[in-house]
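One-letter residues, chain by chain:
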Amino acid sequence: MSEHHPAVTAETPNAPHDHDHAHDVSKHVKGYLIVGALLLVFTFITVALAYVDFGSHTANVVVAMIVATFKAGLVAAIFMHLKGEKRLIWQFLFFTVFFAIGLFFLTWLHWIDPIFGTHHTHH
Amino acid sequence: MIGIQYGITGLLFLFFGFLLMLIMRWQLANPGDPVPVIGGMLQAVFGDSAFSANADGVKGVLTATGYNAFGAMHGTIMVFFGIVPVAFAAFGNFVVPLQIGAPDMTFPKINMASFWVFFISCVIMLASFFVPGGAAKSGWTSYSPLAGVADMGPGFHPFFNGQTLWLVGMVFNITASLLGAVNFIATIIQLRAPGMTWMRLPFFVWTQFVTAWLLLLAFPPLEAAGVMQLMDRAFGTSFFMPTGLIVNGQLAAWSGGGSPILWQHLFWFLAHPEVYVLILPGAGMVAEIIANNTRKPLYGYKALVGAILVLGFLSFIVWAHHMYMTGMGAKVAGFFQTTTIIISIPSVIIITALMLSLWGGSIRFTPPMLFATAWLPMFGIGGLTGIPLAFNAVDLYLHDTYYVIGHFHYVVAPGTIFAIFAGVYYWFPKATGRMMSPFLGHLHFWPSLIMLNGIFFPMFLQGMAGVHRRWYDGGATYEQIIKPVIHWNEFMSVSAFLLAIAQIPFIINFCWSIFKGKKVVNDNPWDATTVEWVAPSPPGHGNFEKPITVYRGPYEYSVPGANKDYTPQTEPPISEKFPTTAPAGVPAH
Amino acid sequence: MQIPYETTARPDTGLYNAKLGIWLFLASEVMLFGGLFSAYVFLRLGADDGYWPMGLLNVPIGTMNTAILIASSVTVVLAWAALKMRQWAKYKFYMLITIICGIIFLAVKLTLEWPEKFVHFGAFIKKDKWAEYEAYLGNEHRTKLGLSPRPEISGHLHAVEVAVAPEKKGDFDSFLIKHHLVAEAGTDPAHPVLVVKDDHGHGPRPSIAEKLVRIPGVKAVAYEVELDAVNADPTSPDNDRPHFIPRKRSDKVATIKAEDISSWSAFAPKHSSYFAVYFTITGLHGLHVLGGVIIFIYFYLFGEKLYRKNPEHMANRVEVSGLFWHFVDLVWIFVFPIFYLL
């Protein structure tokens, strides 16, 4: 199944991996195809849902974002191997997402809490 | 090598930014007078928008436009082209791999790319002085809508004008910083030598680590904003251009619908963490030098590490204290005031721990130690004067006055720049194999300390009297209002010129010592414990001659029972009786 | 000393260097696009009612592009898997498809999506003049239904009516010649104007029209617009909600007086904050797609040497650039509904 590796010694710090990792990867290939199909299906669902009115504009936005987040989650977890990724990467992402949300939230907070009037910009 | 490239370029820019400020200070003390001796040459070099002739036809009077351009560029250059390249990139690239026992940074090619992208940004920024209309003049903060409309119309090139070039230069500079930040974090995580655990890292490495995270996560929104402001200027978009804007009496040619406040949010989201980027590497250098020159461990290493981690985290959620005057309501102002006051706590922990580190030490006042010791009260003044500004109510009065300028200059000028000087004197022998002259070091230090206070202390007085920070004539127009404090202008300007003279011993010392300085007797002339002193001076390719193993913490000075007053991190344990630090029950020195 | 952990993982972190590096870079990219999306939110919240358009983008084409990008995400991870399983031919096959998908994505954007925006014309009518253009705006009808007002008349420029100062006629004429335009006298003797069209009988491109009315001595009097369906019949129930599938332009031509317009332009970035943020985000995203394609082309053409020497290193390189590609796909997964559907 896997080809013969070039000869490496124990001292080489950059020696290639063992053969059994190749077995792990082959198990995942089917999973990648299934997720790919799911993503395509949910793309069409996204468009279809856009034709449905969920009551208010905010509700429409929330529904669209839930679907988008689900799709993004699949890409991140399966394609980007985040599922089963080392803890350190998750720690990086935690802080990143925290600060990204902070940027959104605090900017929005400033928007909704002016001293007087509104921040509306058009005449 | 890259460290040295960044270092030389950064130092040259620091010097250039200093020169800009000197010309501004001439104007502030003597509004309307031509700059003596070199006024004509300045007008020839910088053009007629920046300088004009006075009533008698003598050239070299700094115009209001020129003052604004010099002011904006002084800030931009000092922050982004002086301090960050020197304190973070130069010292970081040179010292961090050595201190963790690594052969190089993790991604050498990306490092090289980072320097050359930075270099391009330098060229663009310098070029912006010489295009028609001169350099950017909308403040280092580049607020829209002014920054969106400045440098447009007759007499300006539609793209190659100072304000647009400022944005392009910043985009390159930010990209370079991001590439560098990735490298630093990866290096510190992955390339620590065996035995170099996180809590054995020298404090300087911790500060560089946190600084790199601040750059990595805080810079991109400003890069996005820079692109958007560039679109506003080059493509007529209205990201930040409000509806109904009147320029020169006419409705401006933008569709409107944009928000100037959005620019401020995105700018300060970076620029607040940026100020911690400016101070943290310096604090780290000071810590190293204090430990080395007191011959005892740093007080409260764990507290210091915890403090900078908390500081880094909080620095992302305090930014709107720069925006108290934008009409924010009580909820959001209250939030930012709270986080801003809380962030003063880790700063105080850091400076207290460093001050306590002096207690009971046998202090050697080497040139680096002079600067490091002076850093403590100077940073203290800078930090304490920031506290009133944290409050919305007080900031209402002090915002955009000289008080603010005094506050932040105390932190960066006798603060970070002193730390940089300390670092230069300290690591010079490692980089060159020669010592700098201590005599010239003293000659550099004492006048600098006095003059820096002479420049920046009166600013608090002027600020509290209401002197605005961007008046190009030093307040002469408003003399009636600020009469009691206007005389300080001359005092500050004289101090500035004397400060310039005080740098001459440093320049001579630096340049001369590279070739003729006293050669070091061994690789560790300061008898230091940290790993960089094991490498040859200067280090060759791969930094170390043998692989490094670390056995102990970074500040094992004056260990009881040891045969010398320092125990290097790489020194193996002598026997089972003294495995790492002092034996149980024996207090640290 | 060689730099350790280039292909093997460091024991305490479990990562090799490049993987750590790319995740750090992606963290900064999250903040970059986060900054742009926060700008979007801020600008959209701040837009007055009716000034944030919907239904101006071609959803079928956008959906197709989304599907193409998703497919390329699948193929790039299959390419990496092939390298891990030491199947070189399969790697080349999947990598080629990835590259082709990326190029198609960009080509669709740059040929089918963007250019037609730059010839589309939109004029925002001043608020106090909405009543005069009710036949094209339909705001009474919309107010009755509780819908946002319609402040804009859009379509394609049919002609530009200008008045030219006699002393500037020379400049005006040379401009016409340079841009292949013709001017005829207007038909209304009470209002003498010159009606400018191109030499095929259509209106000039908006970018040319902009330059035309800025010539000193040339004053814009009115714009004749071949109306979009939504302005041709603004009270039809069909036009009450945004359309995702683009409809044919109508045959109706409306004349809008220049003095009634607050701003006009092509559907270019300067048109409104909507288009500003749309072009900036999709443009920056497109640059990232281009960057990814270039890197993949390099690995496709020049990867074999490294693969033969150190296949794991090659696999890691593809993994790392694949992570970048997935992130680019991830951003698009949010861009598509936000701009095309909401």
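Quick notes on the rules
- Numbering of residues starts from 1 in every chain and runs along the sequence as written.
- Just so you know, chain letters begin at A and ligand numbers begin at 1, following the order they were written in.
- The predicted origin of the model limits local features to residues at a pLDDT of at least 70 and limits the giving and counting of side-chain atom pairs to 80 or more, whereas totals for whole chains, interfaces and linings rest on all residues.
- In this description a helix means any DSSP run of H or I spanning at least four residues, a strand means any run of E spanning at least two, and both kinds are numbered starting from the N terminus.
- Each residue is classed by its C-beta neighbour count within 10 Å, where at least 20 other C-beta atoms makes it buried, 12 or fewer makes it exposed, and intermediate counts make it partly exposed; the C-beta atoms are placed from backbone geometry.
- Computation of the radius of gyration draws on C-alpha atoms alone. For the globule rule, the value is 2.2 Å times the number of residues to the power 0.38.
- Throughout, a pair of residues is in contact if the C-beta atoms placed from their backbones lie within 7 Å.
- When residue character is reported, Ala, Val, Leu, Ile, Met, Phe, Trp, Tyr, Cys and Pro are called nonpolar, Asp, Glu, Lys and Arg charged, and the others, Gly included, polar.
- Working rule for helices: expected span equals 1.5 Å times residues minus one.
- Two axes are fitted around each residue, one to the seven residues ending there and one to the seven starting there, and the angle between them is reported as the bend at that residue.
- To obtain an axis, a line is fitted to C-alpha atoms, over the contacting stretch when the element is a helix, and the angle between two such axes runs from 0 to 180 degrees between their N-to-C directions.
- Here is the rule for angles: anything less than 35 degrees is roughly parallel, anything more than 145 is roughly antiparallel, 65 through 115 is roughly perpendicular, and the remaining ranges are oblique.
- Less than a right angle of anticlockwise turn of the near helix away from the far helix marks a crossing as left-handed, whereas a clockwise turn marks it as right-handed.
- Residue ranges for the domains trace back to a domain assignment, done automatically or taken from a database.
- Pairing between strands is defined by DSSP: at least two bridges between them are needed.
- Buried Ala, Val, Leu, Ile, Met, Phe, Trp, Tyr and Cys residues whose C-beta atoms connect them within 7 Å together make up a nonpolar core.
- On a range of 0 to 100, pLDDT expresses the predictor's confidence in each residue.

K.L.:
Describe the overall build of chain A, and please don't skip the residues or the numbers.
P.N.:
Each helix and strand in chain A was counted, giving three helices and zero strands. Per-residue burial for chain A yields a buried fraction of 23% across its 123 residues.

K.L.:
I'd like to hear about the overall build of chain B, residue by residue, with values.
P.N.:
When helices and strands are tallied, chain B shows 17 helices and six strands. In terms of C-alpha radius of gyration, chain B reaches 24 Å, essentially the compact-globule figure of 25 Å for 589 residues. Viewed in the frame of its principal axes, chain B has a C-alpha envelope of about 85 × 50 × 45 Å. Taken over 589 residues, chain B has a buried fraction of 58%. Of the contacts formed within chain B by residues at least 6 apart in sequence, a portion of 78% connects residues at least 24 apart.

K.L.:
Break down the interface of chain B and chain A for me, citing the residues and quoting the values.
P.N.:
Every contact between the two is made by 20 residues of chain B and, on the other side, 14 residues of chain A. Looking at the side of chain B that touches chain A, the elements that each hand over two or more residues are α7 (203-234), α8 (260-294) and α10 (330-356) of chain B. A total of three residues in the side of chain B that touches chain A trace back to one element, the largest contributor, which is α10 of chain B. Classifying every residue of the side of chain B that touches chain A gives ten nonpolar, nine polar and one charged.

K.L.:
Explain the interface of chain A and chain C residue by residue, including any values.
P.N.:
Opposite the 49 residues of chain A that make contact, chain C presents 52 residues. Mapped onto the side of chain A that touches chain C, the elements with two or more residues apiece are α1 (20-50), α2 (57-79) and α3 (87-112) of chain A. In terms of residue count, the dominant contributor to the side of chain A that touches chain C is α1 of chain A (15 residues).

K.L.:
How would you explain α8 of chain B if you had to name every residue and give the values?
P.N.:
Residues and elements named next belong to chain B. Its 35 residues place the ends of α8 51 Å apart at the C-alpha level, agreeing with the 51 Å of an ideal helix rising 1.5 Å per residue. Approximately 30° is the largest bend angle found in α8, and it occurs at W268. Burial within α8 is extensive, with 32 of its 35 residues counted as buried. Looking at the residues trailing α8, positive phi occurs at R295, about 55°.

K.L.:
Before we move on, can you summarise the environment of Y397 of chain B with the specific residues and values?
P.N.:
Tracing the chain through its elements places Y397 of chain B in helix α12 (residues 392-398). Separated by 69 residues in the primary sequence, Y397 of chain B and G466 of chain B place their C-alpha atoms 7.8 Å from one another.

K.L.:
Lay out the packing of α8 of chain B against helix α11 (residues 367-386) of chain B with the relevant residues and their values.
P.N.:
Residue and element names in this part refer to chain B. At a minimum axis distance of 9 Å, the contact between α8 and α11 shows a crossing angle of 120°. Overall, the two elements α8 and α11 adopt an arrangement that is oblique. Classified by chirality, the crossing of α11 by α8 is left-handed. For the pair formed by α8 and α11, the contact residues are V286, I289, I290 and N293 on the first element and P368, M369, A372 and W375 on the second. Partitioning the contact of α8 with α11 into residue classes produces seven nonpolar, one polar and no charged.

K.L.:
Which residues make up the packing of α3 of chain A against helix α1 (residues 17-46) of chain C, and what are the values?
P.N.:
It is at 10 Å that the axes of α3 of chain A and α1 of chain C come closest, and there the two elements cross at 15°. Here α3 of chain A is positioned roughly parallel relative to α1 of chain C, judged by the angle of their axes. The way α3 of chain A lies across α1 of chain C gives a crossing that is right-handed. On the side of α3 of chain A, the interface is formed by I89, F92, L93, T96, A100, L103, F104, T107, W108 and W111 of chain A, while α1 of chain C contributes W23, L24, A27, V30, M31, G34, G35, S38, V41, F42 and L45 of chain C. In terms of residue class, the contact of α3 of chain A with α1 of chain C is made up of 16 nonpolar, five polar and no charged.

K.L.:
Quick one: what's the story with helix α3 (residues 88-118) of chain C, residue by residue and with numbers?
P.N.:
Residues and elements named next belong to chain C. Its 31 residues give α3 an end-to-end C-alpha distance of 44 Å, which sits within 8% of 45 Å, the value for a rise of 1.5 Å per residue. By the largest-angle criterion, K109 marks the main kink of α3, which is about 30°. If you check which residues of α3 are buried, you get Y91, Y94, M95, T98, I99, C101, G102 and F105.

K.L.:
Give me the domain arrangement of chain B: which residues, what numbers.
P.N.:
Residues and elements named next belong to chain B. Assigned domains within chain B: domain 1 (365-519) and domain 2 (528-581 + 585-589). Centre-to-centre separation of domain 1 and domain 2, based on C-alpha positions: 36 Å. Every contact between the two is made by five residues of domain 1 and, on the other side, four residues of domain 2. Across the side of domain 1 that touches domain 2, the residue classes tally to two nonpolar, two polar and one charged.

K.L.:
Describe the pairing of strand β1 (residues 121-125) of chain C, naming the residues involved and giving the relevant values.
P.N.:
All names here are of chain C. For β1, a buried count of five out of five residues is recorded, marking the element as mostly surrounded by other parts of the structure. Of the two faces of β1, both are covered, the one formed by F121, A123 and I125 as well as the one formed by G122 and F124. Direction of pairing for β1 relative to strand β2 (residues 152-164): antiparallel, over a ladder of four bridges. Across the sheet, the residue bridging to F124 is E152, located in β2. Of the pairings in the sheet, the one linking β1 to strand β7 (residues 261-266) comprises five bridges and is antiparallel in character. Across the sheet, A123 pairs through a bridge with W264, a residue of β7.

K.L.:
Give me the nonpolar core: which residues, what numbers.
P.N.:
Core analysis: the biggest nonpolar cluster contains 320 residues, and I185, L216, V286 and A422 of chain B have the highest contact counts within it. Broken down by element, this core gets its largest block of residues, 22 residues, from helix α3 (residues 64-100) of chain B. Those residues in contact with I185 of chain B that sit more than four places away from it in its chain are F209, A212, W213 and L216 of chain B together with L24 of chain C.

K.L.:
So what about the confidence of the model for chain B? Which residues, and what values?
P.N.:
Residue and element names in this part refer to chain B. Per-residue pLDDT for chain B has a mean of 91; in total, 97% of the residues score no lower than 70. Mean pLDDT values for the elements of chain B range from 84 in strand β4 (residues 250-251) up to 96 in α11. Contacts of residues 581-589 to residues separated by more than four positions or lying in other chains number 13 contacts, the stretch itself having pLDDT below 50. Two numbers describe this predicted complex: its pTM, 0.91, and its ipTM, 0.91.

K.L.:
Please give an account of unusual backbone geometry that cites residues and values.
P.N.:
Residues and elements named next belong to chain B. Residue P145 follows S144 across a cis peptide bond; omega there is 0°. Tracing the sequence through the fold places P145 in the loop between α4 (108-127) and α5 (146-149). For the peptide bond that leads from S537 to P538, omega is -5°, which places it in the cis range. For P538, the position within the fold is in the segment after β6 (518-519). One non-glycine residue with positive phi stands out, namely S142, at about 50°. Topologically, S142 is positioned in the loop between α4 and α5. Take S142: there are 24 C-beta atoms within 10 Å of it, and that puts it in the buried class. Here S558, not a glycine, exhibits a phi torsion of approximately 50°, which is positive. The topology assignment puts S558 in the segment after β6. Given 20 C-beta atoms within a 10 Å radius, S558 is considered buried.

K.L.:
Just give me the short version of the environment of I345 of chain B, but keep the residues and values in it.
P.N.:
All names here are of chain B. Looking at where I345 falls in the secondary structure, it is placed in helix α10. For I345, a count of 13 C-beta atoms within 10 Å gives the class partly exposed. As for I345 and V310, which are separated by 35 residues in sequence, their C-alpha atoms are 9.4 Å apart.

K.L.:
Requested: an account of the environment of K305 of chain C, with residues and values cited.
P.N.:
In this fold, K305 of chain C is placed in helix α10 (residues 304-309). Taking the C-alpha atoms as reference, K305 of chain C lies 61 Å from V182 of chain C; in sequence the two are 123 residues apart.

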